[in-house]
Amino acid sequence: MVSRFKKRPDCGHFQVNPEPAHKPGCSSQCGSLTVPYPFGIGDGCSMLSNVFDISCNMSGDISKAFMNSGNVEVLSISETQIRIRNSVSHICYGSAGNITSNHFAVIRLDSNHFTFSQTANKFPVVGCDDTGLFSNVIGSNFMGGCITICPTEQMVNNGSCNGLGCSQTSFPEGMESFYAELGSMSQEDQLTFGGITDLKKSNDGFIAEIVVTVPIVIEWTAADGDCNASWGSLSFACQGNTSFVNFDPGQGYRCFCLPGYEGNPYLAPGCTDIDESTSVYTYDCASTSICINPPGGYNCSCPEGQFGDGLSHGIGCIAFY
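Residues numbered from 1 in each chain as written. Predicted model: local features only at pLDDT ≥ 70, side-chain atom pairs only at ≥ 80, totals over all residues. Heavy atoms only, no water.

Trainee: How should the overall build of the chain be read in this particular structure?
Mentor: Helices and strands together make up the secondary structure of the chain, namely two helices and 26 strands. Taken across its 321 residues, the chain has 41% of its residues classed as buried. Considering only intrachain contacts with a sequence separation of at least 6, the fraction spanning at least 24 residues in the chain is 53%. When the accessible surface of the chain is totalled, it reaches about 16,800 Å², and 51% of it is carbon and sulfur. (Helix = DSSP H or I, 4+ residues; strand = E, 2+ residues; numbered from the N terminus. Buried < 20%, exposed > 50% of the residue type's maximum accessible area, 1.4 Å probe, protein only. Contact = heavy atoms within 4.5 Å. Areas by Shrake-Rupley, 256 points an atom, 1.4 Å probe, with all protein chains shown as cover.)

Trainee: In this structure, what is going on with the sheet that holds strand S6 (residues 62-67)? I would like to understand it.
Mentor: Two modes of strand pairing occur in sheets, parallel and antiparallel, and in both the strands are linked by backbone hydrogen bonds. Judged by pairing direction, the sheet is mixed, and its seven strands sit side by side in the order S4-S5-S6-S7-S8-S18-S12 without closing on themselves. The open sheet has two free edges, formed respectively by strand S4 (40-41) and strand S12 (114-116), since each of these has just one partner strand. Examined bridge by bridge, strand S8 (residues 81-84) and strand S18 (residues 216-220) share four bridges and lie antiparallel to one another. Bridged to Arg83 within S18 is Val217. (Pairing = 2+ DSSP bridges.)

Trainee: So what exactly am I meant to see when it comes to a nonpolar patch on the surface here?
Mentor: A cluster of nonpolar side chains, Phe307, Ile315, Ile318, Phe320 and Tyr321, forms an exposed patch at the surface whose accessible area comes to about 620 Å². Position of Phe307 among the secondary structure elements: in strand S25 (residues 306-307). Under the relative-accessibility criterion, Phe307 is labelled partly exposed at 33%. (Patch = residues over 30% accessible without salt bridge, like charges linked within 9 Å, V, L, I, M, F, W, Y side chains within 5 Å. Salt bridge = Lys/Arg side-chain N within 4 Å of Asp/Glu carboxyl O.)

Trainee: Explanation requested: the sheet that holds strand S11 (residues 105-108) in the structure shown.
Mentor: Read from one edge to the other, the open sheet built from four strands follows the order S11-S17-S14-S15, with strand pairing classed as antiparallel. Strand pairing shows two members of the sheet lacking a second neighbour, S11 and strand S15 (143-148), which therefore form its edges. Put simply, the sheet's adjacent strands are angled 15° from each other on average, direction ignored. Two strands pair when backbone bridges link them, and strand S14 (residues 130-135) and S15 are joined in this way by six bridges, in the antiparallel orientation. Bridge pairing in S15 places Ser135 opposite Met143. (Axes fitted to C-alpha atoms, helices over the stretch in contact; angles between N-to-C directions.)

Trainee: What am I meant to see in the confidence of the model for the chain here?
Mentor: Should the pLDDT be low somewhere, the predicted coordinates at that spot are not to be read in detail. Confidence in the prediction of the chain, expressed as mean pLDDT, is 79, and 79% of residues score 70 or more. Confidence drops under pLDDT 50 across residues 1-17; counting only partners more than four residues distant or on other chains, this segment forms 51 contacts. Ignoring residues within four places in sequence, the model shows residues 187-196, a span with pLDDT below 50, making 27 contacts including any to other chains. (pLDDT = per-residue confidence, 0-100.)

Trainee: What exactly am I supposed to notice about the pairing of strand S10 (residues 99-103) here?
Mentor: In summary, the side chains of a regular strand alternate between the two faces of the sheet. Where strand S9 (residues 90-93) lies against S10, four bridges are found, and the strand directions are antiparallel. In the sheet register, Cys92 faces S10, and the bridge partner there is Ser101. Joining the antiparallel neighbours S9 and S10 is a turn of five residues, in which Gly97 adopts a positive phi near 90°.

Trainee: Would you mind going over the pattern of salt bridges with me for this structure?
Mentor: This model, assessed by the stated rule, comprises three salt bridges. The partner of Asp110 in a salt bridge is Arg108, and the shortest N-O contact between them spans 3.3 Å. For Arg108, a relative accessible area of 40% translates into the label partly exposed. Notably, a salt bridge pairs Arg254 with Glu219, separated by 3.0 Å at the nearest N-O pair. You can see Arg254 sitting in strand S20 (residues 253-257) and its partner Glu219 sitting in strand S18, a full 35 residues away along the chain. Each member of the pair, Arg254 together with Glu219, is buried.

Trainee: Help me out: how do you make sense of the side chain of Arg254 in this one?
Mentor: Classification of Arg254 as buried rests on a relative accessible area of 5%. A distance of 3.0 Å separates polar atoms of two side chains, one belonging to Arg254 and the other to Glu219. One polar contact links the side chain of Arg254 to the main-chain carbonyl oxygen of Trp220, over a distance of 2.6 Å. (Polar contact = N/O pair within 3.5 Å; in protein donor to acceptor, adjacent residues only side chain to side chain.)

As structure tokens, this is what we get:
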């Protein structure tokens with residue numbers, strides 16, 4: 001009998017989509033949002049109260065989820081990121097150059113388990129002869145910003161964000177809070193900005209479109225500190241059959257299931273072995289071979305009287321005669 005042992009990462013045709021696990025007796029749904037542990041809805045349902053608690057509030061027939069008991073609305077939660085509702089800073093002027101409305105955007109995450117994603121977020125400013133500044137409300141002192149100019153209508157390109165009508169910059173790493181304000185280099189009504197189609201809409205309509213279609217991305221970690229230092233302690237977040245990834249000093253770590261295992265790495269007893277021999281999985285064994293399920297992988301074995309690698313994308317199993 002010939003057999004081939006395959007580890008989980010080598011299974012090119014493997015498709016496993018387990019439901020995110022939640023604590024027994026706790027709800028995992030808030031409307032269309034699935035809330036996986038270590039997050040939780042209700043008392044005692046998260047791994048760390050006042051950090052991973054999710055509040056589920058009803059507004060008419062619509063359920064909305066919020067981080068802890070605050071006003072940061074949660075749109076989705078993955079194993080590495082949270083998408084939250086955007087907050088837009090805006091300023092408007094009247095025909096005489098006077099300010100008619102001025103809104104500052106402030107978001108506080110209030111935990112070192114959460115930081116604004118440096119790679120998934122941008123800070124854009126849209127307008128003519130405007131300035132935008134953002135800073136960290138808490139923690140390290142930081143300030144950044146952008147300037148937009150509109151020398152002529154013809155120089156403003158629709159869809160471009162190169163400083164002419166639209167400018168953007170990156171977020172710094174490790175920001176836990178956000179404050180943004182807008183100003184103007186000139187309060188004179190110099191130009192009807194038609195270079196970007198969106199700005200032909202009303203101010204309220206443009207802002208509403210951003211809030212609905214452009215989320216802010218948050219990176220989350222399961223625990224603060226270094227996972228190597230907390231290994232074996234009662235505070236160690238990773239359960240059985242898991243691995244972990246450290247982030248920059250002080251930014252914590254995340255847990256993942258070992259190759260060949262599935263489930264929730266934070267919920268006891270940990271990740272469980274994937275049974276590749278069951279029909280609900282698509283694996284690489286040929287139809288004439290035998291799939292055996294040892295922990296962390298599977299064997300594609302040829303039956304007696306046949307030889308080969310037993311793989312559907314290989315030579316499979318061939319009879320000796």
